[in-house]
Amino acid sequence: MKLKTLAARLGCVLRGDGDVEIDAIRSLEDAGPGHLTFLANPKYQAQLASTRASAVLLATDHAELVLPTLRADNPYVAFAEALTLLHEPRPLPAGVHPRAVIAGSARIGDGASIGANVVIGDDVVIGPRAVLHPNVTIYPGVHIGSDCVAHAGVVVREDVRLGDRVMLHPGVVIGADGFGFAPGPRGAVKIPQIGTVIIEDDVEIGANATVDRATLGATIVRTQAKLDNLVMVAHNCEIGAGTMLAAQVGVAGSTKVGRGVQMGGQAGVAGHITIGDGVQVVAQSGIPSSVEAGKIVGGYPAVDVSIWRRTSAALLRLPGLLRRVRRLERRIDGALGSPDGE
Amino acid sequence: MKLKTLAARLGCVLRGDGDVEIDAIRSLEDAGPGHLTFLANPKYQAQLASTRASAVLLATDHAELVLPTLRADNPYVAFAEALTLLHEPRPLPAGVHPRAVIAGSARIGDGASIGANVVIGDDVVIGPRAVLHPNVTIYPGVHIGSDCVAHAGVVVREDVRLGDRVMLHPGVVIGADGFGFAPGPRGAVKIPQIGTVIIEDDVEIGANATVDRATLGATIVRTQAKLDNLVMVAHNCEIGAGTMLAAQVGVAGSTKVGRGVQMGGQAGVAGHITIGDGVQVVAQSGIPSSVEAGKIVGGYPAVDVSIWRRTSAALLRLPGLLRRVRRLERRIDGALGSPDGE
Amino acid sequence: MKLKTLAARLGCVLRGDGDVEIDAIRSLEDAGPGHLTFLANPKYQAQLASTRASAVLLATDHAELVLPTLRADNPYVAFAEALTLLHEPRPLPAGVHPRAVIAGSARIGDGASIGANVVIGDDVVIGPRAVLHPNVTIYPGVHIGSDCVAHAGVVVREDVRLGDRVMLHPGVVIGADGFGFAPGPRGAVKIPQIGTVIIEDDVEIGANATVDRATLGATIVRTQAKLDNLVMVAHNCEIGAGTMLAAQVGVAGSTKVGRGVQMGGQAGVAGHITIGDGVQVVAQSGIPSSVEAGKIVGGYPAVDVSIWRRTSAALLRLPGLLRRVRRLERRIDGALGSPDGE
């Protein structure tokens, strides 16, 4: 594709020779002739000088380069779109693989692709153009929307609802029993988890992550939420629209996470609390109680991030502080005598 | 079912009209006509006033309501039992699915249900009424007790023993090799993990959790232990009877966890130590050394929970304390002169 | 096998009766007649006195025992080798199971073992003697080297490269999409992850661990690296040769981990940083920024381990320190009067 064609397709401003041919996108370091590269993170600015790419995608207001450039107000989004344009994914076999096992009462949408050894239970509805890779298991009563993708090894338990364009990476488990037991006189009594899970449109869930079904009602993951690998969402939680949970985050039961929340990897959230809209959570934080909208929190237990940074820095001075106070006490004892009774 | 019938079946005291028909259980918020709701956590007391349920299950000593009530000394256990009574799970197909792959030397108990694409190796014994959902893999030599449930995608490696009524949620892996390597002159030498895993009766293990096989001997999960999703139990551990490990907990190798221990989510336990009976561990704690029975610990590294709470609170005052000590030093220097040599 | 034969095979020095028959290896505690036991960890020295084993494997310079002994400079490595000699693994069925689903364009190496319900996509190359257990899914374009083992439920996404002797435990996912989204005006835009994963020779990856594919280029796990269960390696990372990541470790995107690094369980590493060769990381540490080669770090945020130990100990004295400073302030106020303006 000529660079000028790419510019037109992406809605980018072109500077320099638009007739260079572009056949792939590579990083600044790896790019060579025929490649478009990009600069979205200023951290990599220094690599611009030595790139062997044929053209560069970068911010509208970036200084001129010798190389031809595509300019975008949001170069990161333009980069994502360029990847989609230039990268042809492997075609999937259409239709139902003869080695899929599909209940007679299940309905499969037009253009859906069902891989080998997929097992689909009674009364399941699979939307148009959905893709189920091999070895996926869909329990009875599940509804899956249009254009969803379930990668190999995914398990969706009974009666779960997935919206449109949901993407489940390999090994994801949706709708396993919540962890609910009532302490009884002869040990823990299992509380049947008769609720379900609702995954709204455009949600993406990373490899081997788990979202448990509710005890009653539904665990809900709202539209455009993105969960990374090995995330755990417990029963009866609600994860807000557009919220992003990085890898290995855990959210305990019945907690409500607001819209546009961002949590760093391995953060943990207690049960039965509310995380307000737009909250940001430092990686590995442990959140014991509700957090107001818009706050940025960090630490274990988590506090306002500026307080956490200040106390973390102060902590390094604590051993010295202990010595200083001991010295002060000695000096004062020397001047005033030891205090009464000591 | 009439409320009075339910009362009799649950052994609850009935107050009010026992002739109302109950067909399902819902939360205080979601319940409507024909629904039984419940109050087990006092936190939700305020929602009682506005519930639209036909009846309420609550504690024996709770104040009178206008609605008919069922009274139980342990309303949470009664709730669990009511769910079991009122919630008919989807019937499972009995027998062996024609698309299961079962070794000739395997023995399948009466009334067992073996799903599509299940693979069962040589010399496996599956107990009566056990349920293996689709795409489960049972390696050779495994023994599975009666009434066990293995959800889709479960893998049980060779020679592992499961007791009766064990429930494995989707993606659980039992008996993978422990992480054992001997540092040698040309890199790490793998130590063959020739031990096994023993899972006793009534254990439940959450989605995508892993319990590794022992190097020699057995990793053991004792009766009625409950492990939540994404928990990791390393080789040669023993997890005590009735112990509950919340999601994403990790227990390093050769550690012995006692009976009735409770660990919050993401807690981590070092290897080769002992956690006494009845210990409680705050979520995300990191336990570096053995803990005596009955202790409650928190923090990283974990200490007695009251000390952890006190130091966590004190930490927030540390930046101010640094300023106060600086001021004291200045005042004393002003009064006594600077100390020698400074 | 006679003890003297074992000694010769292992290259160990024999002390005592070499004619005793050894048929298995057991721990000090569990060993009986006919068993070889071993002492590699001095912590278990006390159990030597009461072992019922027929012979003991231990360090060259260990004191004499009544029992016959095998002596090795590195008894842990000798133990690993003895296990390999004495423990006959269950034979695997050779060849391709009739219920495997293999694309016509795939090539399967001589002596490979392909289990039931394995699905292998177009253009896949499986090396000689590789073992794919049941229910494994290999996407199109994957290359797998000789003598690799993929346990049940493993998923390898398209175009991933595995070297020789790679071992993937059950549920491992290699090559899932990295967690990459560009914030756009109408929500997050998915960045297609068109890169791949390269796993070099002799790598072992634990159950349900995940290694994501790169956005561009490749996520790389270098030769002899060992990853434990539930580890997460994000897109564009490089994990150095011989590096060991314990269970539930997470490494965020584009981070480079050096050679011979050791991380304790549940440690977390930020993205876009460098961990130098030979770094050691205490379990559960959170590493926010690059670490120089050879350092030992701990804490959250992680610092030099000696500083972390000192501050952790000092922290326990903080509540008392607050009281001491209050007392000092009172004494000085008493002697000098309250400071101005307070």
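Residues numbered from 1 in each chain as written. Chains lettered and ligands numbered in written order. Predicted model: local features only at pLDDT ≥ 70, side-chain atom pairs only at ≥ 80, totals over all residues.

Undergrad: Which residues make up the overall build of chain A, and what values go with them?
TA: The number of helices and strands found in chain A is four helices and 38 strands. The C-alpha radius of gyration computed for chain A amounts to 27 Å, which surpasses the reference 20 Å derived for 342 residues by more than 25%, pointing to a less compact arrangement than a globule. Counting only C-alpha atoms and orienting by the principal axes, one finds that chain A spans roughly 90 × 75 × 30 Å. For chain A, the proportion of its 342 residues judged to be buried stands at 57%. Within chain A, contacts between residues separated by at least 24 positions form 18% of all contacts whose residues are at least 6 apart in sequence. (Helix = DSSP H or I, 4+ residues; strand = E, 2+ residues; numbered from the N terminus. Rg over C-alpha atoms; globule rule 2.2 N^0.38 Å. Buried ≥ 20, exposed ≤ 12 C-beta atoms within 10 Å, placed from the backbone. Contact = placed C-beta atoms within 7 Å.)

Undergrad: So, the domain arrangement of chain A: which residues are in play, and what are the values?
TA: In terms of domains, chain A is made up of domain 1 (3-86) and domain 2 (95-306). Taken over C-alpha atoms, the centre of domain 1 of chain A sits 36 Å from the centre of domain 2 of chain A. (Domains from an automatic or database assignment.)

Undergrad: Hey, could you go over the relation of the copies chain C and chain A for me, with residue numbers and the actual values?
TA: Once turned by 120 degrees and shifted 0.0 Å along the axis, chain C lies on chain A with an RMSD of 0.0 Å. Taken together, the rotation angle and the small translation identify this as a three-fold axis. (Least-squares fit on C-alpha atoms with pLDDT ≥ 70 in both.)

Undergrad: Describe the sheet that holds strand β10 (residues 119-120) of chain B, listing the residues and the values that go with them.
TA: Residues and elements named next belong to chain B. Strand order in the open sheet made by the 10 strands is β7-β10-β13-β16-β19-β24-β27-β30-β33-β36, with parallel pairing throughout. The open sheet terminates on both sides in strands that have one partner only, identified here as β7 (101-102) and β36 (286-287). Examined bridge by bridge, β10 and strand β13 (residues 137-138) share two bridges and lie parallel to one another. Residue Ile120 lies in a different strand from β13, and its bridge partner there is Ile138. (Pairing = 2+ DSSP bridges.)

Undergrad: Residues and numbers for the interface of chain C and chain A, please.
TA: Each partner contributes residues to the interface: chain C has 56 residues there, and chain A has 55 residues. Residue assignment for the side of chain C that touches chain A shows that the elements contributing at least two residues are β19 (173-176), β20 (181-184), β21 (187-190), β24 (210-212), α3 (305-316) and α4 (318-336) of chain C. Broken down by element, the side of chain C that touches chain A gets its largest block of residues, eight residues, from α4 of chain C. Considered class by class, the residues forming the side of chain C that touches chain A number 32 nonpolar, 16 polar and eight charged. (Nonpolar A, V, L, I, M, F, W, Y, C, P; charged D, E, K, R; others polar.)

Undergrad: An account of the packing of helix α1 (residues 3-10) of chain A against helix α2 (residues 75-86) of chain A is requested, with residue identities and associated values reported.
TA: Residue and element names in this part refer to chain A. Contact geometry for α1 and α2: axes closest at 10 Å, N-to-C directions at 120 degrees. Between α1 and α2, the angle is such that the two are oblique. At the point where α1 passes α2, the crossing takes the right-handed sense. Contacts between α1 and α2 involve Leu6, Arg9 and Leu10 from the first element and Ala78, Glu81, Ala82 and Leu85 from the second. Tallied by class, residues from the contact of α1 with α2 come to five nonpolar, no polar and two charged. (Axes fitted to C-alpha atoms, helices over the stretch in contact; angles between N-to-C directions. Parallel < 35°, antiparallel > 145°, perpendicular 65-115°, else oblique. Left-handed = near helix turned anticlockwise from the far one by under 90°.)

Undergrad: Describe the nonpolar core, and please don't skip the residues or the numbers.
TA: Of all hydrophobic cores here, the largest spans 330 residues; its most connected members are Leu57 of chain A, Leu57 of chain B together with Leu57 of chain C. When near neighbours in sequence (up to four residues on either side) are disregarded, Leu57 of chain C contacts Leu36, Phe38, Leu70, Ala72, Pro75, Ala78, Phe79 and Ala82 of chain C. Val325 of chain A, Leu315 and Val325 of chain B together with Leu315 of chain C belong to the second-largest nonpolar core, a separate cluster that totals 21 residues. (Core = buried A, V, L, I, M, F, W, Y, C linked by C-beta atoms within 7 Å.)

Undergrad: Go over helix α3 (residues 305-316) of chain A with me, naming the residues and quoting the values.
TA: Helix length check: α3 of chain A (12 residues) gives 17 Å between terminal C-alpha atoms against 16 Å at 1.5 Å per residue, within 8%. Those residues of α3 of chain A lying buried are Trp308, Ala314 and Leu315 of chain A. All buried residues of α3 of chain A project into a common sector of 130 degrees when viewed along the axis, lining one side. On its buried face, α3 of chain A is in contact with β37 (296-299), β38 (302-304) and α4 (318-336) of chain A, α3 (305-315) and α4 (318-336) of chain B together with α3 of chain C. (Expected span 1.5 Å × (residues − 1). Arc of directions from axis to C-beta.)

Undergrad: Report on the interface of chain B and chain C, specifying residues and quantitative values.
TA: Counting from both sides, the interface comprises 56 residues of chain B and, opposite them, 55 residues of chain C. Sorting the residues of the side of chain B that touches chain C by element identifies β19 (173-176), β20 (181-184), β21 (187-190), β24 (210-212), α3 and α4 of chain B as the ones contributing at least two each. Among the residues forming the side of chain B that touches chain C, the class breakdown is 32 nonpolar, 16 polar and eight charged.

Undergrad: Describe the pairing of strand β22 (residues 196-199) of chain B, with residues and values.
TA: All names here are of chain B. Along β22, one buried face is formed by Thr196 and Ile198 and the opposite face, lined by Val197 and Ile199, is buried too. Of the strand pairs in this sheet, strand β17 (residues 161-162) and β22 are connected by two bridges, and their pairing is parallel. Within the sheet, the bridge partner assigned to Arg161 lies in β22 and is Ile198.

Undergrad: Give a detailed account of the pairing of β19 of chain B, specifying residues and quantitative values.
TA: All names here are of chain B. Where strand β16 (residues 155-156) lies against β19, two bridges are found, and the strand directions are parallel. Note on β19: the bridge partner recorded for Val155 is Val173. Where β19 and β24 come together, three bridges link them in parallel fashion. Residue pairing across strands places Ile174 opposite Val211, the latter belonging to β24.

Undergrad: Any chance you could break down α4 of chain B for me, citing the residues and the numbers?
TA: All names here are of chain B. Its 19 residues give α4 an end-to-end C-alpha distance of 26 Å, which sits within 8% of 27 Å, the value for a rise of 1.5 Å per residue. Among the residues making up α4, those that are buried are Leu318, Leu321, Val325, Leu328 and Ile332. Taken around the axis of α4, the buried residues stretch over an arc of 65 degrees, which confines them to a single face. Those residues of α4 that are exposed and aimed more than 90 degrees away from the buried face are Arg323, Arg326, Arg330 and Gly334. Positive backbone phi, at 85 degrees, marks Gly337, one or two positions downstream of α4.

Undergrad: Explain the confidence of the model for chain A to me, using residue names and the numbers behind them.
TA: Parts of the prediction with low pLDDT should not have their coordinates interpreted in detail. Looking at chain A as a whole, its pLDDT mean stands at 95, while 99% of the residues score no less than 70. The ipTM assigned to the predicted complex is 0.95, against a pTM of 0.96. (pLDDT = per-residue confidence, 0-100.)

Undergrad: Now, about the environment of Pro192 of chain C: what can you tell me, with residues and values included?
TA: Residues and elements named next belong to chain C. Summarising the element assignment, Pro192 is placed in the loop between β21 and β22 (196-199). Overall, the presence of 21 C-beta atoms within 10 Å leaves Pro192 in the buried class. Sequence separation between Pro192 and Gly178 is 14 residues; the distance between their C-alpha atoms is 8.6 Å.

Undergrad: So what's going on with unusual backbone geometry? Residues and values would help.
TA: Residue Tyr300 of chain B is joined to Pro301 of chain B through a cis peptide bond whose omega torsion reads -5 degrees. With respect to the helices and strands, the residue Pro301 of chain B is situated in the loop between β37 (296-299) and β38 (302-304). The backbone of Asp123 of chain A sits at a positive phi, close to 65 degrees, despite the residue not being glycine. Mapped onto the fold, Asp123 of chain A is located in the loop between β10 (119-120) and β11 (125-126). Unlike most non-glycine residues, Asn117 of chain B shows phi in positive territory, near 65 degrees. Residue position: Asn117 of chain B is located in the loop between β9 (113-114) and β10.

Undergrad: Can you lay out the sheet that holds strand β17 (residues 161-162) of chain C for me, pointing to particular residues and giving the numbers?
TA: The parallel open sheet is built from nine strands, whose spatial order is β8-β11-β14-β17-β22-β25-β28-β31-β34 (chain C). Edge positions in the sheet fall to β8 (107-108) and β34 (274-275) of chain C, since each of these pairs with one other strand and no more.

Undergrad: So, the packing of α4 of chain A against α4 of chain C: which residues are in play, and what are the values?
TA: Where α4 of chain A meets α4 of chain C, the closest approach of the two axes is 11 Å, and the angle between their N-to-C directions is 30 degrees. For α4 of chain A against α4 of chain C, the interelement crossing comes out left-handed. Between α4 of chain A, through Leu318, Leu322, Val325, Leu328, Glu329, Ile332 and Leu336 of chain A, and α4 of chain C, the contact on the second element is made entirely by Leu318, Leu321, Arg324, Val325, Leu328, Arg331, Ile332 and Ala335 of chain C. Grouping the amino acids of the contact of α4 of chain A with α4 of chain C by side-chain chemistry returns 12 nonpolar, no polar and three charged.

Undergrad: For the environment of Gln47 of chain A, give the residues involved together with the corresponding values.
TA: All names here are of chain A. Along the chain, Gln47 turns up in the loop between β3 (35-38) and β4 (55-59). For Gln47 and Gly268, which are 221 residues apart along the polypeptide, the C-alpha to C-alpha distance reads 37 Å. Aside from chain neighbours lying at most four places away, what touches Gln47 is Leu28 and Glu29.

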